[in-house]
Amino acid sequence: MDNFQKEIDERANLALSNKFELLLFRLGSDQLKGKSELYGINVFKLREIVPMPTITRAAGMQSPLLGMASIRGQFIPVIDLPAVTGCKPETGLNLLLVTEYARSTQAFAVESVENIVRLDWNQVHTAEAGIGSRNITSIACLDTDGQSNNLAMVLDVEQILYDIIPSVRGVEPSAETAKDFNLKPGQVAIVAEDSKVARQLLEQGLKSMGIPAIMHNTGLEAWIKINEMQKEAAAAGESIHDKIALVLTDLEMPEMDGFTLTRNIKRDDALRQIPVVIHSSLSGSANEDHVRKVGADGYVAKFEINELSSVIHRVLEKKR
């Protein structure tokens, strides 16, 4: 039992050291490339792996939705992941990856599971410029030297769910969204989010709030931009707080995760008073504990625009 608890603690503490664990799995032969590719998702999003159960197909349900499965008494949608990625399983759909993304639970049917690897986020690189698939958010180099071709494609599960399950798209902004945020002229929000669809939703949401935003694909890109703006402010004899109203960051991101970005901001004397709101599909009490440890000012699970508006309003009012 002591060893089991130690393993749990070690896994939880990874989130505070720019590290994470990636579950590797296969979906079969890629129909375009003619070979089996290695895919991955963050272990934190995985609830369990189960053998393929009986699937109940509802009337009118179309691919890539396979149907509904009863997992520990809960009926959840099952998504044919090979169909989403253009793969053909060689031995069939043998396993379900049961995942929790913010306010939804779903299962992904896969051919096989390989193993779990522990990586630093700087081993993961954004894939938007080099990979054609809208469902791949980043590429993970599985070797620490970063030089090999031992790679895994990290799925953009938020994009997949957005395309397939309308209920995960959140609600439309209400009149409550457009609060008076009292931003100074020229102030912007710095946003870090690696999922393309999540970036689009955030950009639209912030626009509905009247908050100008500068969008970034990774925590590292956002951190570089923040430092550039700090240097510009110092050179002009201005305060960085006249330029940056708040930082809104995801947790899982290539190169630098949201925990590390937040910790960097809060450890810098010139930046620490900038409000930081973490907006993530990694929900749960453990992650909220981590949010407090790194000094973030607010946390909201994706994606509910009115709740996000309320959290942003609260942290901005608190900093005045």
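Here's what I pulled together on the structure shown here. (Residues numbered from 1 in each chain as written. Predicted model: local features only at pLDDT ≥ 70, side-chain atom pairs only at ≥ 80, totals over all residues. Heavy atoms only, no water.)

### Some thoughts on the pattern of salt bridges
Per the counting criterion, the structure on display carries 11 salt bridges. Between Glu21 and Arg118 there is a salt bridge; the shortest N-O distance is 3.0 Å. Placement of Glu21 in strand E1 (residues 19-30) and of Arg118 in strand E9 (residues 112-120) is noted, with a sequence separation of 97 residues between them. Exposure remark for Glu21: the relative accessible area of 8% places this residue in the buried category. (Salt bridge = Lys/Arg side-chain N within 4 Å of Asp/Glu carboxyl O. Helix = DSSP H or I, 4+ residues; strand = E, 2+ residues; numbered from the N terminus. Buried < 20%, exposed > 50% of the residue type's maximum accessible area, 1.4 Å probe, protein only.)

### Remarks on the packing of helix H3 (residues 157-164) against helix H4 (residues 196-209)
The contact between H3 and H4 brings their axes to 7 Å, and the two run at 75 degrees. In terms of orientation, H3 and H4 fall into the roughly perpendicular class. For the pair H3 and H4, contact is made by Glu158, Gln159 and Tyr162 and by Lys196, Val197, Ala198 and Leu201, respectively. Taken together, the residues of the contact of H3 with H4 break down into four nonpolar, one polar and two charged. (Axes fitted to C-alpha atoms, helices over the stretch in contact; angles between N-to-C directions. Parallel < 35°, antiparallel > 145°, perpendicular 65-115°, else oblique. Contact = heavy atoms within 4.5 Å. Nonpolar A, V, L, I, M, F, W, Y, C, P; charged D, E, K, R; others polar.)

### Observations regarding the sheet that holds strand E7 (residues 95-101)
Spatially, five strands are ordered E3-E7-E8-E5-E4 in an open sheet, and the strand pairing comes out mixed. Every interior strand has two partners, whereas the edge strands, strand E3 (46-51) and strand E4 (65-71), have only one. Strand-to-strand twist in this sheet, taken as the mean axis angle between neighbours without regard to direction, amounts to 30 degrees. As paired elements, E3 and E7 share five bridges and run antiparallel to each other. Among the inter-strand pairings, Glu48 is bridged to a residue of E7, identified as Val98. Along the sheet, H3 makes contact with E4, strand E5 (74-80), E7 and strand E8 (104-110), crossing E8 at roughly 100 degrees. (Pairing = 2+ DSSP bridges.)

Purely spatial values, then, with no claim about function.
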